[in-house]
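These are the residues of each chain, in order.
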Amino acid sequence: MEDNAGNSALEGATNTVDKRRFNIWAFLCLFSTLSLIAHETDDQNMRRSENIWITTCAALSLSFSFLSSLAHIGNSVLSSLFVGTILEGLLALILVGLWAGALPVIMDPSNGLAQMYVGKSEGESADYQATVSNANLYFTSWGSGVCALIVLSMYIKERLGGGGGMGMGYTSKWYLLMLASVIVVIESMRFKNQVCSIEGGTEEVTCGRNTYGLATGIVGLVVSFLISLFSSLGRDSALITTVAGFVMAMLYTLCAGLLTFDNGPATYVGNHYFSAWAGFFISFAVFGSVLKEFLGVGGGAAATSAAAAAEAGGDDVEMDRI
């Protein structure tokens, strides 16, 4: 009787996870379709090798995500061969790799696809900054990349997640913080090489602020990668996770302020701008959540795991207490 109840609870939890993954696969299919349309209808699409690469990536992403969505519907043979298996994990990893290769090309202002450089002032320096030039391609491409990353993180948690570590409920947020940090690093390096390196490209104080953004992105990338990895394996520490969340919140507070205000390199709306503020909000969301659990305030991932363990243990727990 108890075994049947336990199996039913486990099956219900698995179905919930699969349903969430189906939703993300469906969104990935939608975003891939829109990004493909936005790219093919862009007047900057000159059929160069870069544009062929983007078309190929978007088309593959559309096809794979459509098949994955079908696999999550019903109890067909395709579902048994795909859902929760190594095949789904490999496909999610391939899609993350595809968008990791496509996004830098799409977002490079020198290509003029989703972003372009504009001069901000008419003084001694041109004060070039990247800004969005094709909003449809910009947002749908990022939507596709983020959905692919979320699917992969959900799969890793399901396959490798241990017994409810401190950060198990926030692994996806750590992955998103890692993504934001990667973008900050890429955009800071691009600004350094394409703007700060040319005479009259921008002011010296702007390049100094850009250097701080680069340092923050590197630290955020390393910290979020390690925390998300140990969190997925259920081997994270409550204290270390809380301290890491606090450090990243402080670093990104300064980063968002220096990069997006006054003489910052990201005062125009674009990757640099969004990634700095994404790092700010995500780091504070992670820190606030893990701090509550560390202090024992409210219920979260750890409380849920403890409740599940108590329910599974049932009478044994009570006997031990007696």
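Let us look at the structure shown here. (Residues numbered from 1 in each chain as written. Predicted model: local features only at pLDDT ≥ 70, side-chain atom pairs only at ≥ 80, totals over all residues. Heavy atoms only, no water.)

Together, Ile-218, Leu-221, Val-222, Phe-225, Leu-226, Leu-229, Phe-230 and Leu-233 make up an exposed nonpolar region whose accessible area comes to about 630 Å². Tracing the sequence through the fold places Phe-230 in helix H7 (residues 204–232). (Patch = residues over 30% accessible without salt bridge, like charges linked within 9 Å, V, L, I, M, F, W, Y side chains within 5 Å. Areas by Shrake-Rupley, 256 points an atom, 1.4 Å probe, with all protein chains shown as cover. Salt bridge = Lys/Arg side-chain N within 4 Å of Asp/Glu carboxyl O. Helix = DSSP H or I, 4+ residues; strand = E, 2+ residues; numbered from the N terminus.)

Right, let's talk about the nonpolar core for a bit. Formed by 37 residues in total, the largest nonpolar core has its most connected members in Trp-25, Leu-28, Trp-99, Ile-106, Met-107 and Trp-142. At the level of elements, helix H1 (2–40), helix H2 (49–71), helix H4 (86–107), helix H5 (135–160) and helix H6 (171–196) are the ones that each hand at least two residues to this core. No other element matches the 11 residues that H4 contributes to this core. Setting aside residues up to four positions removed in sequence, Trp-99 forms contacts with Leu-28, Ser-32, Ser-35, Ala-58, Ser-61, Pro-104, Ile-106, Ser-141, Ser-144, Gly-145 and Ala-148. One finds Trp-174, Ala-244, Ala-266 and Val-286 within the second-largest nonpolar core, a separate group that totals 17 residues. (Core = buried A, V, L, I, M, F, W, Y, C linked by side-chain atoms within 4.5 Å. Buried < 20%, exposed > 50% of the residue type's maximum accessible area, 1.4 Å probe, protein only. Contact = heavy atoms within 4.5 Å.)

The next thing to look at is the packing of aromatic side chains. By the definition in use, this model includes 12 aromatic pairs. Pairing Tyr-138 with Phe-274 gives two aromatic rings, centres 6.0 Å apart and planes at 40°, and the pair type is tilted. One end of the pair, Tyr-138, is in helix H5; the other, Phe-274, is in helix H9 (residues 271–295), and 136 residues separate them in sequence. The class for Tyr-138 is buried, based on a relative accessible area of 3%. Under the relative-accessibility criterion, Phe-274 is labelled partly exposed at 33%. Ring centres of Trp-277 and Phe-280 lie 5.3 Å apart, and the angle between their planes is 85°; this geometry places the pair in the edge-to-face category. Residue Trp-277 and its partner Phe-280 are both found in helix H9; the two are separated by 3 residues, about one turn of the helix. For Trp-277, a relative accessible area of 21% corresponds to the partly exposed category. (Phe/Tyr/Trp six-rings, centres within 6.5 Å; stacked < 30°, edge-to-face > 60°.)

Here Ser-181 shows up in helix H6. For Ser-181, the contacting residues outside a window of four places in its chain are Gly-217, Gly-220, Leu-221 and Tyr-252.

H4 packs onto H2 with a crossing angle of 150° between their chain directions and a minimal axis gap of 10 Å. As judged from the angle between their axes, H2 and H4 are roughly antiparallel. Relative to H4, H2 is oriented so that their crossing is left-handed. Here Glu-50, Trp-53, Ile-54, Cys-57, Ala-58, Leu-60, Ser-61, Phe-64 and Ser-68 of H2 lie close against H4, whose contacting residues are Leu-91, Ile-94, Leu-95, Leu-98, Trp-99, Gly-101, Ala-102, Val-105 and Ile-106. Residue classes in the contact of H2 with H4 are distributed as 14 nonpolar, 3 polar and 1 charged. (Axes fitted to C-alpha atoms, helices over the stretch in contact; angles between N-to-C directions. Parallel < 35°, antiparallel > 145°, perpendicular 65-115°, else oblique. Left-handed = near helix turned anticlockwise from the far one by under 90°. Nonpolar A, V, L, I, M, F, W, Y, C, P; charged D, E, K, R; others polar.)

It is worth spelling out the state of the cysteines at this point. Overall, the coordinates contain 1 disulfide when judged by the stated rule. Note that Cys-196 is cross-linked by a disulfide to Cys-207, the S-S spacing being 2.2 Å. On the sign convention where negative means left-handed, the S-S torsion of about -115° between Cys-196 and Cys-207 marks this disulfide as left-handed. You can see Cys-196 sitting in helix H6 and its partner Cys-207 sitting in helix H7, a full 11 residues away along the chain. With relative accessibility at 25%, the residue Cys-196 sits in the partly exposed group. Accessibility expressed as a relative area gives 18% for Cys-207, which makes it buried. (Disulfide = S-S within 2.5 Å.)

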